[in-house]
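Structural characterization, general
In case you want the letters, here they are:
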Amino acid sequence: MNRARPAAASLAGAVLLGLAGCGGGGEDTVEAHLRLVVPDNNIRVEGVECAGARPFDYVRPGASFTLEAPDGTVLADGELPAGRAENADPSIDWGVERIPTVCVMELELEGLPERPGYRLRLPEGRPLAFDRSDLSGDEPLMLLVQ
Amino acid sequence: MSNRLRRPRRACVLLVALALGLLAAGCAGGDSSGEESHGGAADLPGPVPAEVAFRAPPDDAPPAPDFSADLIDGTPVTASDLWDDRPVVLMFTASWCERCADVHRRVAEVVDEREGVALLGIVPADDAQGAREYAEELGLGYPVAVGDERVWLSYAVREPPTVVLVAPEGKVLRGWPGGVETPVLAERLDELFQGR
């Protein structure tokens, strides 16, 4: 099993998957760049560091996560980095500094064993499922915390 | 025969004494150096100095929800005991919140300069262990309590850092989700002092 840990600050809180000790040598691997969006609509200054606000307060820096295959095999685990506050509705010019925001955490997982699908499991809430094909694009895959 | 009976009793007494000694050390926070830990009972404020007087809070200010909690060294504290005759700044914080320590430090600087004002840090219930390290690293000289969910909800705190100013007699004057600028807090506190 791979172990993911928060990387250096220069990586903006990204999480890199450790390669040492992984099983299945020669196995095809993929990279997953995930944007974990916490829809807490909390009032913040855009861009500040954040954690999920209630009732999503379990989504916070240092909280554990696992990435599983569809059969439940744990492929990676790690700790969530700090998030950054983003405008909850960019179509609105709020006209003030403190605005409704969502908290977005970036996860970069490298050397992930290739599977048809994956499930990101957080300490609480529903697992967030996505397909291998969702990782094909250039843009990070957005996962909405539920 | 009697000696054979006494020896085990002596051994028993010694063992019990040893166990009690170990328990006492544990109850003292496990700090064999004898130094007080930060954020605990030693950081609770003393009486308000006689020369300091505060203004009565505005009549329309809402009552502050009272609560009891344990400090990170296990000492029980009741919020209304603190705000009975002085302003109290509640600092909702967490060890995992990277911004919080900076906000906490700046709030403490404002309180440092205003004799008689109390500052109480409040961490989530599942953050007690982390909070001890947090308090040690900060070393601010103010108490830190472990607040259960009701405390956080009663002040509508959705995310740390959040700062709440409570006037003497327990009236909420203002809350600042995300933290407060130092001059703003200083001005609001100064308004509470008679003669400033």
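Val89, Leu90, Met91, Val107 and Leu120 of chain B are the most contacted members of the largest nonpolar core, which has 74 residues in total. Top element by residues in this core is strand 8 (residues 98-113) of chain A. It accounts for six residues. Residues within four places of Val107 of chain B in sequence aside, it is in contact with Val89, Met91, Leu119, Val163 and Leu185 of chain B.

This part is about the packing of helix 3 (residues 100-112) of chain B against helix 6 (residues 182-190) of chain B. Residue and element names in this part refer to chain B. One way to put it is that helix 3 packs onto helix 6 with a least axis distance of 10 Å and a crossing angle of 35°. Crossing of helix 3 against helix 6: the hand is right-handed. In this structure, helix 3 uses Arg106, Val107, Glu109 and Val110 to contact helix 6, whose residues at the interface are Thr182, Leu185, Ala186 and Leu189. Split into classes, the residues belonging to the contact of helix 3 with helix 6 amount to five nonpolar, one polar and two charged.

Two strands in a sheet stick together by hydrogen bonds in their backbones, pointing the same way (parallel) or opposite ways (antiparallel). With respect to topology, five strands assemble into an open sheet ordered 4-7-8-3-11 (chain A), the strand pairing being mixed. Looking at strand neighbours, the two that pair on one side only are strand 4 (49-50) and strand 11 (141-144) of chain A, the edges of this open sheet.

This part takes up helix 4 (residues 128-138) of chain B. Residue and element names in this part refer to chain B. Ala131, Arg132, Tyr134, Ala135 and Leu138 are the residues of helix 4 that are buried. The buried side chains of helix 4 occupy one side of the element, clustering within an arc of 165° when seen end-on. Exposed side of helix 4, more than 90 degrees from the buried face: Gln129, Glu133, Glu136 and Glu137 are the residues found there. Looking at the packing, one finds that the buried side of helix 4 touches helix 3, strand 4 (118-124) and strand 5 (144-147). The first or second residue beyond helix 4 is Gly139, which carries a positive phi of 55°.

Taken together, the contacts link 14 residues of chain A with eight residues of chain B. Only strand 3 (29-45) and strand 4 of chain A provide two or more residues apiece to the side of chain A that touches chain B. If you tally residues by element for the side of chain A that touches chain B, the top one is strand 3 of chain A, at four residues.

Another point: the confidence of the model for chain A. Residue and element names in this part refer to chain A. When pLDDT is averaged along chain A, the result is 86, and 83% of the positions lie at 70 or above. Element-level mean pLDDT values for chain A span from 44 in strand 2 (residues 15-17) up to 98 in strand 7 (residues 83-87). When the criterion is pLDDT under 50, residues 4-24 qualifies, and its contacts beyond four places in sequence or with other chains add up to 45 contacts.

Our next topic: the confidence of the model for chain B. Scored by pLDDT, chain B comes out at a mean of 86, with 82% of its residues at no less than 70. Across the predicted assembly, pTM comes out at 0.80 and ipTM at 0.75.

Moving on, we get to the pairing of strand 1 (residues 68-71) of chain B. Residue and element names in this part refer to chain B. Where strand 1 meets strand 2 (residues 76-78), three bridges bridge the pair, whose relative direction is antiparallel. Its bridge partner lying in strand 2, Asp70 is registered against Pro76. Between strand 1 and strand 2, which pair antiparallel one after the other, the connecting turn spans four residues, and Gly74 there sits at a positive phi close to 95°. When strand 1 meets strand 5, the two strands line up antiparallel, connected through two bridges.

Calculation criteria
- Residues numbered from 1 in each chain as written.
- Chains lettered and ligands numbered in written order.
- Predicted model: local features only at pLDDT ≥ 70, side-chain atom pairs only at ≥ 80, totals over all residues.
- Core = buried A, V, L, I, M, F, W, Y, C linked by C-beta atoms within 7 Å.
- Buried ≥ 20, exposed ≤ 12 C-beta atoms within 10 Å, placed from the backbone.
- Helix = DSSP H or I, 4+ residues; strand = E, 2+ residues; numbered from the N terminus.
- Contact = placed C-beta atoms within 7 Å.
- Axes fitted to C-alpha atoms, helices over the stretch in contact; angles between N-to-C directions.
- Left-handed = near helix turned anticlockwise from the far one by under 90°.
- Nonpolar A, V, L, I, M, F, W, Y, C, P; charged D, E, K, R; others polar.
- Pairing = 2+ DSSP bridges.
- Arc of directions from axis to C-beta.
- pLDDT = per-residue confidence, 0-100.

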